[in-house]
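What follows is the residue order along each chain.
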Amino acid sequence: MVFRGGRRGRPGLLGTVARTAVVAGTAKATSNAMDRRSQRKASEQQQEYQQEYQQQQAPPAQVAPVQSVPLRVLTIWSPSCRSWGSFISPAC
């Protein structure tokens, strides 16, 4: 049946499918754009946090050079040897 002057009333099956496809495509495009935006914002925020963290970290502490201290050998009286000996290695 061919209608002159166009179709009136509710859309047919093909019209309903086309409208559904347009709505679904628009919703998907909007959803993808929102996902990309939120990922970009999260990435930027992560970079800011990382920069702040690195700035808060103290530079490595410099180790002072070790100063040599002269050692003294303690000499003690050894009654068994009846002599003075070194504390480190008493000799008899």
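Residues numbered from 1 in each chain as written. Predicted model: local features only at pLDDT ≥ 70, side-chain atom pairs only at ≥ 80, totals over all residues. Heavy atoms only, no water.

### Details of the overall build of the chain
Part 1 of the argument: Per the secondary structure count, the chain includes one helix and two strands.
Part 2 of the argument: Starting at the N terminus and ending at the C terminus, the chain contains elements arranged as α-β-β.
Part 3 of the argument: Relative to its 92 residues, the chain shows a buried fraction of 3%.
Part 4 of the argument: Total accessible area computed for the chain in this model is approximately 9500 Å², and 58% of it derives from carbon and sulfur atoms. (Helix = DSSP H or I, 4+ residues; strand = E, 2+ residues; numbered from the N terminus. Buried < 20%, exposed > 50% of the residue type's maximum accessible area, 1.4 Å probe, protein only. Areas by Shrake-Rupley, 256 points an atom, 1.4 Å probe, with all protein chains shown as cover.)

### Overview of the confidence of the model for the chain
Part 1 of the argument: Mean pLDDT over the chain works out to 79, with 68% of the residues at or above the 70 mark.
Part 2 of the argument: Considering each helix and strand of the chain separately, the mean pLDDT is smallest for strand β2 (residues 83-86), with a value of 63, and largest for helix α1 (residues 13-56), with 92. (pLDDT = per-residue confidence, 0-100.)

### Examining the environment of P11
Part 1 of the argument: Counting through the fold element by element, P11 comes out in the segment before α1.
Part 2 of the argument: Beyond its immediate stretch of four places on either side in the chain, P11 contacts T16 and R19. (Contact = heavy atoms within 4.5 Å.)

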